[in-house]
Structures are given as structure tokens and as C-alpha cells.
Amino acid sequence: MDKKQEQGIHALYARDPVEADRLLWGRKAQPVTRRGFLKRSGLAAMAAALGSGIPFAHLMPQGLIPVALAQSDEPFSIEGKEGLTVLNDRPINAETPAHLLDDDITPARYMFVRNNGTPPPREDIDPDTWTLEIAGESCQNPTTFTIAELKERFETHTYQLQIECGGNGRSEFIPAAGGNQWTIGAVACPTFTGVRLRDVLEACGIADDAVYIGYYGADKSVSVGSDKAPISRGVPMSKALEDESLIAWAMNDEDIPYQNGYPLRLVMGGWPGSVSGKWLSRIVIRNQKHDGAKMAPPSYSVPKHPVAPGTELSEEEFETIETMPVKSLITFPRSGIEHALDQSLEVRGHAWAGDLSVSTVHVSIDFGATWQEASLKDAPNRLAWQRFTSEITFPEPGYYEIWARAVDNEGRSQPMVLPGWNPKGYLNNACHRIAVQVA
Ligand SMILES: Nc1nc2c(c(=O)[nH]1)N[C@H]1C(S)=C(S)[C@@H](COP(=O)(O)O)O[C@H]1N2
Ligand SMILES: [Mo]
């Protein structure tokens, strides 16, 4: 990139951060625009967007965008999730720009949304009558609980838990992997309050032959007429029985946001987000590995051994993703800022390492030639992310990139470049880079 292009990119960051990211990193994320949304949506959605019905709707040509809406090509936004980049609206998927993830505890409005299907209609959800059934061939006393019964019968626990989609970072893989083109923002770390999955399963009797649990939620497939579960995943008993594995009804001391699974969800910190079932209605204790939707390869699976990019694999060559790898995110400053040469800059972010903890974070301003150690806080509890901060001074004016690299407590580092290619583009834990213009 020459000087002029660099300046251009900084100007572009101010106007259009998504496009600037694409130019800087070749990332392909494209937000869904209001215009794009309207083109493909029905009358009801249009009327909702207009705030009133359309009396002559029957005379409207198909695909016509009401002129009241046509002028605005503002990115489409999800109620309660303003500021997120919407990657898909059918089903809804939205990620959080890195600089909006700066809080220690992710506010509800900034938690990403990853839907595999259509959530149960909001007006059909009544937390007073919602039930959770515990069953399955390795469950000795199948039982159905209301949320009030869960609260009454079991001890309540709160943990701050980090959830990252297994496909976070997918947009960088070449050859490209299909699916939502997540860049870096499919990760969050709010607090969750609920009961331990272990306490509930034990109350329902775990048979000796139990090896796995599986969940079912109340969402539906987006295919018209299909009543199949869009996703039904699970974890081995060892993960299910951990202290931090929760059946949660609250996030940051409030109801879980509708798009994040209201009124009840599973939370399995440190593992791919896909095992944290939303709109939770049923859990099965299994005497075999759970075989629900998106359990079989290539879903949430990676090659057992490294493969050349583009390789086609058979089912036996895959393994299911369990713990997520070590990773970090720079949340301050926002990529693309200008900074004064005579002032130091405090860089901030978070680091996490699946089931493990992070032992060090280093930052570099010279494309990885030298690194300085950041200060790193302990996590408030197991499976929460850790805050890092680093004070940086720049030697002269110009274009810099700040890179951050975390190492887990078993000595494994984030890679600088893309890690192992895999068919579905999972587990990209390459270092995060941001741009800073020093003047
Ligand atoms: N019922 C249900 N649970 C689900 C999903 C879903 O589509 N339906 N998506 C999963 C995936 S792939 C992820 S990454 C997380 C995302 O949680 P969030 O949308 O609250 O951020 O939810 C998981 N739980
Ligand atoms: Mo996911």
C-alpha cells in the first residue's frame, strides 16, 4: 500500500469501516442494507418498516421498494442490536465491530447474533409457561420443569462466560468457505445467571451409560414447510457436568435478549457457540454421541490432520470441535484512528483460550519484528475473557499497525497468519490487527 492509499483508507474508515476493513484485510463481510432487505421481504415487513399498512398493497408491483424507504440505504439494523453489522437477514446473523466490544462485560446490545433458523415468535414466548424437558435414553427420571421450578429447586449461579462462534474469522480463509462471512466480532462475554446443568441432570438421574447430552430449542428451520430443528448440538458429559455449564434465564442481570435465546438458554463457555442452545426447550441425556442437526461433519468439525487448502474430505477424516483455541481482540482504539506523535496510546483488548486461561499477551507496532508484553488481568472466573492493556509510543509519524498475540497456559500461541484451512472455515484465531495513523 502506498502513502496515498494509506491516507485514503483512513478517510474511508471514518465513512465506511466495513469497506475499509475489506480493503485492508481482504475481508468479505458485507452488511445487509435496508434496500437489500426490502427487496426480498414480504408486505408485513415493509409495512412494519413504514410504520403503517399499505392500503393499495395489492396494486404494488412485486419487488417495488416504497419511495419512503428507498432513499435511505442505511444498514439494516436489528431491534436492540443497533451498531452491529448484519451479515444475513434470513436467518438473522450479526456481528459486533471490535471497538464496541471494549467493555469488560459485554452489554446485551453488543452481543452478536448467530441464528441457524427462525426464532420462535416473540409474542408466543411466555416465561411463566415455558417448559424445559429433560429426557433421553440415559435419563432415569425424565422430568419437565417450568422456569419457576428451576429457580425454586436448584441453586442459582452467576458466571461471566465467553461465547465465540466456531466460524468467527471465516471470511479470511482462501479458498473461501461458505456460510456467514464473520470477520472478528462473533464473540462476547456477558454474565449469565441460571442453574447448573449438572444439578438438573443429576436430579433427573444420569444412567451409567450416559456419554453425551443434546439440546433442542424452539426455533424453526427457515425452509418453508420444514419442521426440522435447524440445529441440535451437544457436548460430552464431562463438559456438561462442569460448574460453569449453565441453564440460564438472565444475562447481565436482565432477561436474555430475544435474539440471544429468551427466555432460557444453555451456556457452555469456551466451546464453539453452537453448543450453547438458545430458546431451550429440551435436553436429552444420550448413551451415544448426540446425533442432532449439525452434529455430523463437516458441521462444527475440522480435519483430524492438517490438509492442503481446498482438499475434499470424507466424514471419517473430521473431528468435532470441542474447546476453542487461544485468541485476542483489540477493542481500543478503533482501527483507523489518527493519533498524535507526542502522546502515548493505551491499547486495550481481551484475550481468551477456550477451556484454558491466557498466560501472556504481547503487542507489536512493527509488523511483528519486536513485541512488548501487555499487562494482563486474571479472569473473574473460569471461562471468562481476560483484559489486557499496553502503553504504546510511536517513534515517528506514519502508518502503523498494532498487532496483538496471546499465548495460553499450555504454551500455545495465536498464529500470525491464517491457521489450518478447513472446509467450513472454523477456528481462525490469527492475530488481530488494527491501523493507526500517527501525525
Ligand atoms: N436454538 C438455537 N441455538 C443456537 C443457535 C441456533 O441457531 N438455534 N445458534 C448457535 C450458534 S452457531 C451460536 S455461535 C450461538 C450464538 O449465540 P448468540 O446468537 O446468542 O450470540 O448460539 C447457538 N445456539
Ligand atoms: Mo456458531
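Residues numbered from 1 in each chain as written. Chains lettered and ligands numbered in written order. Predicted model: local features only at pLDDT ≥ 70, side-chain atom pairs only at ≥ 80, totals over all residues. Heavy atoms only, no water.

The name given to the chain in an unreviewed UniProt entry is Molybdopterin containing oxidoreductase, and the organism recorded there is Halomonas huangheensis.

1. Focus: the pairing of strand S18 (residues 327-332)
Among the six residues in S18, five count as buried, and that is most of the element. Two strands pair when backbone bridges link them, and S18 and strand S20 (residues 345-352) are joined in this way by five bridges, in the antiparallel orientation. Note that in S20 the partner of Ser328 across the bridge is Ala351. (Buried < 20%, exposed > 50% of the residue type's maximum accessible area, 1.4 Å probe, protein only. Helix = DSSP H or I, 4+ residues; strand = E, 2+ residues; numbered from the N terminus. Pairing = 2+ DSSP bridges.)

2. Focus: the site of ligand 1
As a structural note, the neighbourhood of ligand 1 is formed by 19 residues, with Phe112, Asn116, Asp219, Arg265 and Lys278 the closest of them. One nitrogen or oxygen atom from the side chain of Asn260 is found 2.8 Å from an oxygen atom belonging to ligand 1. At a separation of 3.0 Å, a nitrogen atom of ligand 1 approaches a polar backbone atom of Ser276. When the free accessible area of ligand 1 is taken as 530 Å², the share hidden by the protein chains comes to 100%. (Near = heavy atom within 4 Å. Polar contact = N/O pair within 3.5 Å; in protein donor to acceptor, adjacent residues only side chain to side chain. Areas by Shrake-Rupley, 256 points an atom, 1.4 Å probe, with all protein chains shown as cover.)

3. So, the packing of aromatic side chains
By the definition in use, this model includes six aromatic pairs. Consider the rings of Trp352 and Trp385, whose centres lie 5.8 Å apart with planes at 45 degrees: the pair is tilted. Here the residue Trp352 occupies a position in strand S20, and Trp385 occupies one in the loop between strand S23 (375-376) and strand S24 (386-392), the gap between them amounting to 33 residues. Each member of the pair, Trp352 together with Trp385, is buried. With 4.8 Å between their ring centres and 55 degrees between their planes, Phe394 and Tyr400 make a pair best called tilted. (Phe/Tyr/Trp six-rings, centres within 6.5 Å; stacked < 30°, edge-to-face > 60°.)

4. What about the nonpolar core?
If you look at the biggest cluster of nonpolar residues, it comprises 39 residues, and the most contacted ones within it are Ile134, Ile213, Ile247 and Ile283. Those elements that place two or more of their residues in this core are strand S4 (131-135), helix H6 (147-153), helix H7 (197-203), strand S10 (212-217), helix H8 (237-240), strand S12 (246-251) and strand S15 (280-286). If near-sequence neighbours (up to four positions away) are discounted, Ile213 is found in contact with Leu197, Leu201, Arg233, Gly234, Val235, Met237, Ala240, Leu266, Met268, Ile283, Val284 and His290. Membership of the second largest hydrophobic core comes to 21 residues, among which are Ile330, Val347, Val361 and Ile434. (Core = buried A, V, L, I, M, F, W, Y, C linked by side-chain atoms within 4.5 Å. Contact = heavy atoms within 4.5 Å.)

5. Comments concerning the environment of Ala384
Examined against the element boundaries, Ala384 turns out to sit in the loop between S23 and S24. We classify Ala384 as buried; its relative accessible area is 8%. Counting along the chain gives 27 residues from Ala384 to Ser357, while the straight-line C-alpha distance between them is 8.7 Å. With residues near it in sequence (within four places) discarded, Ala384 still touches Gln160, Gln162, Cys189 and Ala379.

6. Description of the environment of Ser238
Along the chain, the position of Ser238 falls in helix H8. Taking the C-alpha atoms as reference points, Ser238 and Ile213, separated by 25 residues in sequence, lie 9.9 Å from one another.

7. Some points on the sheet that holds S18
Strand order in the open sheet formed by four strands is S18-S20-S24-S23, and the pairing between neighbours is antiparallel. Pairing within the sheet leaves two strands with one partner each, and these edge strands are S18 and S23. Where S20 meets S24, seven bridges bridge the pair, whose relative direction is antiparallel. Looking across to S24, one finds that Glu346 is bridged to Glu391.

8. Concerning the environment of Leu341
Mapped onto the elements of the fold, Leu341 is located in the loop between strand S19 (337-339) and S20. Here the alpha-carbon distance between Leu341 and Pro395, two residues 54 residues apart in the chain, equals 7.7 Å. Once residues within four sequence positions are removed from consideration, Leu341 is found in contact with Phe394, Pro395, Glu396, Pro397, Val438 and Ala439.

9. What about unusual backbone geometry?
Excluding glycine, residues mostly have negative phi values, and the peptide bonds linking residues are mostly trans. For the bond from Tyr262 to Pro263, the omega torsion is 10 degrees, close enough to zero to count as cis. Within the fold, Pro263 resides in the loop between strand S13 (254-255) and strand S14 (265-267). Following Pro297, the chain continues to Pro298 via a peptide bond in cis, the omega torsion being 5 degrees. Phi angles above zero are rare outside glycine, and Asp253 is one such case at about 65 degrees. With respect to the element layout, Asp253 can be found in the loop between S12 and S13. A residue is classified by how much of its surface remains accessible, and Asp253, at 67% relative accessible area, is exposed. Despite not being glycine, Leu427 shows a phi value in the positive range, around 60 degrees.

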